[in-house]
Amino acid sequence: MGEVVQMHFTTIDYVIFALLLVASAGIGLFYAFSGGRQRTTQEFLMADRSMSCLPVSLSLLATFQSAVAILGAPSEVYTFGTQYWFLGCSYFLGLLIPAHVFIPVFYRLRLSSAYEYLELRFNKTVRICGTVTFIFQMVIYMGVVLYAPALALNAVTGFDLWGAVLAMGLVCTLYTALGGLKAVIWTDVFQTVVMFAGQLAVIVVGAGQAGGIGEVWRKAINGSRVAGLDLNPDPLERHTFWTLGVGGVFLMLALYGVNQAQVQRYLSSRTEKEAVMSCYVVFPCQQIVLCLGCLMGLVMFARYGEDSPLDKGYVKTNDQMVLYFVMDVFRDLPGLPGLFVACLFSGALSTISSAFNSLATVTMEDLIKPHFPAMTEAKATLLSKGLALVYGLVCLAMAYIASIMGSVLQAAFSIFGMVGGPLLGLFCLGMFFPWANSIGAVVGLVAGLAMAFWIGIGNFVMRMSTSTTVPTLNSTTSPLIDNMTTTVVTSLLSTTAKPRPTGVEALYSLSYMWYSAHNSATVVVVGLLVSLLTGPMKEKDLTPGTVYPVLGNLLFFLPDRYREKLCCITPLAPKLKESNSQPYLMAKKDSNGAAFCKEDMITEEKEMESDRAPTEDEDETRSLPPSCELTGHTVQETAL
């Protein structure tokens, strides 16, 4: 009974899985040999800034709807009930703030990399710090995202572990390196559809076998799995309305506001309006995804009740439990297990392809181009493709390292959350506090990262010691192999055996949903204190358009002279006008490959000129994006 039960795939399942990979590769090859054929960095990295709202929004959705989430949400609901659903409340602000604060700032500055903003607002050092932090975060994350679902699949179905990892890693590298951002976005759209289809099939068939949705709901209520509104304000409680609805906002901002993978999609939109609309379209889609995950958890509960396959020893971890359930439900329906596995790997593919592309972009824009300003466009494009390829191979190496780490897998997931918070804090510091300076920004980022790793590692060590000292722990549960297992153990312990933690232990016991908020607040507070001590930034030294006038908007009732004293009337860059505007004629040899894209509008430059009324040459160069600093004058002179 304690043995892991394996249920095997049929030929049809393998065919469906293969079709997913072939279709994804096909989309990539189509964009490699059509349109502009990915001959410029603008097309390869930014999709020529020509994408419409719908593909961008589905791609935004797919990027962080990883395989881990598809496996994690149902087992969370099965174990703890529907409290997790309140995460949906955080989506309101979590998508409204990026739509109306971050997108206008980034889009009007015509950036390619979100970290370019940090140089415009602070200086090059801050930009490099931000870039390196992001690369570290994504490289670790993508290896785990690739390996974790393959491991679960291997345990439950005997599906070849490294066959799955290599097939996904190589197909993904192929279409990302050949087709650029256009291929990544359109494969995301296709993969989103597959994800919805896979989850729906499981819910429909599973609910049918359990006796209908009404019966599922009745069993869930009887088993007290349908949770009410828990308004407990304790930040140490794992999931309450506040941790999910408020703490979740900061998690969403770190993902949808400042993460390069998402910012790149906003910037690839045709217009700012389309970028904002894509945020609005993501909102209902996110809610649907959340509901599907919760429903699947309830259908699992209706099937197994309190006798989970985990307790019976059929599977070893919670993420395997969802796969076991799927194989169990689809036992006599060949083809459908293959559809769900395709759905699972669509989640993984969409996440890692976005990681490859965004990593290639930041490496190119932030680390290489500034040092080689004379690089030709053809060379720059070739190098970008090479970078996407290299990151693909790095991802496979990381997946191998993840397989060796085993129980440290959970820590790798936490790193994503640990690093996201401080980066969000860094952007907020620059965008909302005009007096923050570059020293404050660097010290704040370091303090935020230190705080994040201190809490993260402290929590990890504390849980390891708890799991070794408590004899009630299920012996088949390898502690920390997935998100949920240990958290189940710790929350059970904290409610029954242990008194409320105090001092440093209380800090280590902070709900993981508050990590992002806590770490970004650390960056802002430390950054502001250091900035005030080292001499705050003067408003006239700010690059126009890099500060969002949040205080100015909130204190609209004060007279202008007081608002000016508070340094809060900096205007945003003007909107880019599409009508009656002629594109730039680019200089024959731009000193920096593609500083501006061909569609950049002359009106934007004129508006920026009138907006900043420069007094010195240095001032004039400063207000252009860094990639144009060297060619600021050339670009203006060659404008029609």
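Structural data are supplied above this passage.
Residues numbered from 1 in each chain as written. Predicted model: local features only at pLDDT ≥ 70, side-chain atom pairs only at ≥ 80, totals over all residues. Heavy atoms only, no water.

**Student:** Lay out the packing of helix α4 (residues 67-80) against helix α12 (residues 272-304) with the relevant residues and their values.
**Tutor:** Where α4 meets α12, the closest approach of the two axes is 7 Å, and the angle between their N-to-C directions is 50°. Regarding the angle of α4 to α12, the classification is oblique. Both α4 and α12 take part in a crossing whose hand is right-handed. Residues A73, P74, V77 and Y78 of α4 form the contact with α12, whose own contacting residues are G293, C294, M296, G297, L298, M300, F301 and Y304. (Axes fitted to C-alpha atoms, helices over the stretch in contact; angles between N-to-C directions. Helix = DSSP H or I, 4+ residues; strand = E, 2+ residues; numbered from the N terminus. Parallel < 35°, antiparallel > 145°, perpendicular 65-115°, else oblique. Left-handed = near helix turned anticlockwise from the far one by under 90°. Contact = heavy atoms within 4.5 Å.)

**Student:** Tell me about the packing of aromatic side chains, residues and numbers included.
**Tutor:** Applying the stated criterion to the full structure yields 27 aromatic pairs. Judged by centre distance (5.2 Å) and plane angle (50°), the rings of F17 and F345 are tilted. Here F345 lies in helix α15 (residues 336-368) and F17 lies in helix α1 (residues 11-32), a separation of 328 residues in the sequence. Judged by relative accessible area, F17 falls into the buried class, the value being 5%. Each ring, one from F241 and one from W242, has its centre 5.1 Å from the other, and the planes form 75°; the classification is edge-to-face. Through a chain of ring-to-ring contacts, three or more aromatic side chains come together here, namely F102, F106, Y115, Y117, F134, F427, F432 and Y548. (Phe/Tyr/Trp six-rings, centres within 6.5 Å; stacked < 30°, edge-to-face > 60°. Buried < 20%, exposed > 50% of the residue type's maximum accessible area, 1.4 Å probe, protein only.)

**Student:** Which residues make up unusual backbone geometry, and what values go with them?
**Tutor:** Apart from glycine, the bulk of residues carry a negative phi angle, and the bulk of peptide bonds sit in the trans form. Positive phi, close to 55°, is recorded for A47, a residue that is not glycine. Residue classification places A47 among the buried positions, given a relative accessible area of 0%. In the Ramachandran plot, R49 falls in the positive-phi region, its phi being about 50° despite a non-glycine side chain. Along the chain, R49 falls in the loop between α2 (41-46) and α3 (53-63). Since its relative accessible area comes to 8%, R49 is described here as buried.

**Student:** An account of the nonpolar core is requested, with residue identities and associated values reported.
**Tutor:** The nonpolar side chains of soluble globular proteins are, as a tendency, buried together. Counting residues in each nonpolar core, the largest one holds 163 residues, and the members touching the most others are F106, Y117, M142, F325, F340, F345 and M431. Ranked by residues supplied to this core, first place goes to helix α8 (residues 161-210) with 19 residues. When sequence neighbours within four positions are dropped, the list of residues in contact with F340 reads I70, G198, V202, M296, V322, L323 and V326. (Core = buried A, V, L, I, M, F, W, Y, C linked by side-chain atoms within 4.5 Å.)

**Student:** Lay out the side chain of K182 with the relevant residues and their values.
**Tutor:** Following the sequence through the fold, K182 ends up in helix α8. Discounting chain neighbours no more than four positions away, the residues touching K182 are Y31, E43, A47, S50 and M51.

**Student:** Quick rundown of a nonpolar patch on the surface? Include the residues and the values.
**Tutor:** On the surface, W162, L166, L170, L389, L393, Y400, I401, I404 and M405 cluster together to form a nonpolar patch covering roughly 840 Å² of accessible area. Contributions of two or more residues to the nonpolar patch are made by α8 and α16 (377-405). Top contributing element to the nonpolar patch by residue count: α16, with 6 residues. With respect to the helices and strands, I401 occurs in helix α16. (Patch = residues over 30% accessible without salt bridge, like charges linked within 9 Å, V, L, I, M, F, W, Y side chains within 5 Å. Areas by Shrake-Rupley, 256 points an atom, 1.4 Å probe, with all protein chains shown as cover. Salt bridge = Lys/Arg side-chain N within 4 Å of Asp/Glu carboxyl O.)

**Student:** Lay out the side chain of Q38 with the relevant residues and their values.
**Tutor:** The residue Q38 is located in the loop between α1 and α2 in this model. Polar contacts involving the side chain of Q38 include one to the main-chain carbonyl oxygen of Y31, which spans 3.1 Å. Discounting chain neighbours no more than four positions away, the residues touching Q38 are Y31, A32, E43, F44, L178, G179, G180, T381 and K385. (Polar contact = N/O pair within 3.5 Å; in protein donor to acceptor, adjacent residues only side chain to side chain.)

**Student:** Any chance you could break down the state of the cysteines for me, citing the residues and the numbers?
**Tutor:** Under the counting rule described, the total for this entry stands at 0 disulfides. C279 carries a free sulfur, and the closest cysteine sulfur to it, the one in C53, is 9.7 Å from it. You can call C279 buried: its relative accessible area is 2%. (Disulfide = S-S within 2.5 Å.)

**Student:** Let's hear about the packing of helix α5 (residues 90-108) against helix α10 (residues 241-256): which residues, and what values?
**Tutor:** α10 packs onto α5 with a crossing angle of 35° between their chain directions and a minimal axis gap of 7 Å. Note on packing geometry: the crossing formed by α5 with α10 is right-handed. Touching S90, Y91, L93, G94, L95, I97, P98 and F102 of α5 are L244, G245, G248, V249, M252, L253 and Y256, all from α10.

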